[in-house]
Amino acid sequence: MQTLLKFTNFMSKTFALWVLVFAFLAFQFTAQFAIFAPYIPYLLGLVMFGMGITLTFNDFGEVFKHPKSVFIGVVGQFVIMPAIAFCLAKIFNLPADLAVGVILVGSCPGGTSSNVMTYLSRGNTALSVACTTISTLLAPFLTPAIFYILASQWLDINAGAMFMSVLKMVLFPIFLGLIVRAIFKKSISEISRTMPLVSVISIVLILSAVVAVSKDKIVESGLLIFGVVVLHNCLGYLVGFFGARLFKLNIADSKAVSIEVGMQNSGLGAALAAAHFNPIAAVPSAVFSFWHNVSGPILANIFANIKNDDKK
């Protein structure tokens, strides 16, 4: 078991590398990786199930201890990133499929890797976990609604169908994981420590499938997508941090909010795009997944050198 846990830790720390390696392989061997495309919703469900069995009631404690910080983090997640995505789509006059893809990933909840980055940055990790959990639980309602409001001018959007998709791919697996943990209790706690490995494999397969089925479009507009994704992510960090400071949050909380806002559940974005739109709409999510796992450690290193205060 210790060997498996060490391997899990290694794979988690080198996640960005595996995304890059398998994206390259998918680019070269499209037929072999395209076969995973129909299984994207199930792979995402597996990631969410893993999140469910790792959750405890203590993860919700921060909501009641510091409701203001959690509220700012969650609202920032569902306001800042969608707004930035919408502005970038307009400024760069993106084609409809790309615009929809950028706004979709911007409308998604926070990614679980934000919790690790917050820990490394010496931010409030408990706050980050609470924000990720709450934003994920709200995603079936807020992601389709926000996405419909901002993206419907580009394409016809069935918000009801998206709601059902997020419900099945996110909320149901999480609650199933919570039930499994409640039933098996101690025996599941050891297994839950290996779930990050399952998540890494699942997300890598999701993104590889997206790259494989969108190869031609990536070649055509890859540089534009990459530039927009980098701006989206970095502006999310920046606005998230100074927005939190504007509302008088301390440095540790502001670090958590910044990272929580800037890092998205890009796996969900890719799954929804693949299920409801042209495959090219999933490409911004795929690029985002790679890039935020590069920018996250860089920002965490910068934040780690910023001294926390005691201000409440």
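Please refer to the structure placed before this passage.
Attention in this report is confined to the structure presented alongside it. (Residues numbered from 1 in each chain as written. Predicted model: local features only at pLDDT ≥ 70, side-chain atom pairs only at ≥ 80, totals over all residues. Heavy atoms only, no water.)

## Some details on the overall build of the protein chain
Counting secondary structure elements, the protein chain contains 16 helices and zero strands. On C-alpha atoms alone, the protein chain measures out to a radius of gyration of 18 Å, which is about the 20 Å that the 2.2 N^0.38 rule sets for 312 residues. Over its C-alpha atoms, taken along the principal directions, the protein chain stretches across nearly 50 × 45 × 35 Å. For the protein chain, with 312 residues in total, the buried portion stands at 54%. When contacts within the protein chain are restricted to residue pairs at least 6 apart in sequence, long-range pairs at least 24 apart make up 85% of them. Accessible area of the protein chain: about 14100 Å², with a carbon and sulfur share of 70%. (Helix = DSSP H or I, 4+ residues; strand = E, 2+ residues; numbered from the N terminus. Rg over C-alpha atoms; globule rule 2.2 N^0.38 Å. Buried < 20%, exposed > 50% of the residue type's maximum accessible area, 1.4 Å probe, protein only. Contact = heavy atoms within 4.5 Å. Areas by Shrake-Rupley, 256 points an atom, 1.4 Å probe, with all protein chains shown as cover.)

## Focus on the packing of helix α7 (residues 96-106) against helix α16 (residues 283-304)
For any two helices packed against each other, the geometry comes down to the angle between their axes and how far apart the axes lie. Contact geometry of α7 with α16 gives a least axis separation of 7 Å together with a crossing angle of 45°. It follows that α7 is oblique to α16 by the angle criterion. Two secondary-structure elements touch here, α7 through Leu98, Gly101, Val102 and Val105 and α16 through Pro284, Ser285 and Phe288. In terms of residue class, the contact of α7 with α16 is built from five nonpolar, two polar and no charged. (Axes fitted to C-alpha atoms, helices over the stretch in contact; angles between N-to-C directions. Parallel < 35°, antiparallel > 145°, perpendicular 65-115°, else oblique. Nonpolar A, V, L, I, M, F, W, Y, C, P; charged D, E, K, R; others polar.)

## Some points on helix α12 (residues 195-213)
With 19 residues, α12 ought to run about 27 Å at 1.5 Å a step, and its terminal C-alpha atoms sit 27 Å apart, in line with that. Counting buried residues along α12, 15 of its 19 residues qualify, which places the element largely inside the surrounding structure. (Expected span 1.5 Å × (residues − 1).)

## Description of the packing of α7 against helix α9 (residues 125-151)
One way to put it is that α7 packs onto α9 with a least axis distance of 9 Å and a crossing angle of 145°. The interaxial crossing formed by α7 with α9 has right-handed handedness. Where α7 approaches α9, its residues Val100, Ile103 and Leu104 are matched on the opposing element by Phe147, Leu150 and Ala151. Each residue belonging to the contact of α7 with α9 can be placed in one class, and the counts come to six nonpolar, no polar and no charged. (Left-handed = near helix turned anticlockwise from the far one by under 90°.)

## A few points about the packing of aromatic side chains
In total, this model carries eight aromatic pairs according to the counting rule given. A centroid spacing of 6.2 Å and a plane angle of 80° characterise the contact between Phe22 and Phe33, whose relative ring orientation is edge-to-face. Residue Phe22 is located in helix α2 (residues 15-28), and its partner Phe33 is located in helix α3 (residues 30-34); the two are separated by 11 residues in the primary sequence. Exposure remark for Phe22: the relative accessible area of 27% places this residue in the partly exposed category. (Phe/Tyr/Trp six-rings, centres within 6.5 Å; stacked < 30°, edge-to-face > 60°.)

## Some thoughts on a nonpolar patch on the surface
Where nonpolar side chains cluster on the molecular surface, the patch consists of Ile91, Phe92, Leu224, Leu231, Leu235, Leu238, Val239 and Phe242 and spans about 700 Å² of accessible area. For the nonpolar patch, the leading source of residues is helix α13 (residues 215-246), giving six residues. Along the chain, Phe242 falls in helix α13. (Patch = residues over 30% accessible without salt bridge, like charges linked within 9 Å, V, L, I, M, F, W, Y side chains within 5 Å. Salt bridge = Lys/Arg side-chain N within 4 Å of Asp/Glu carboxyl O.)

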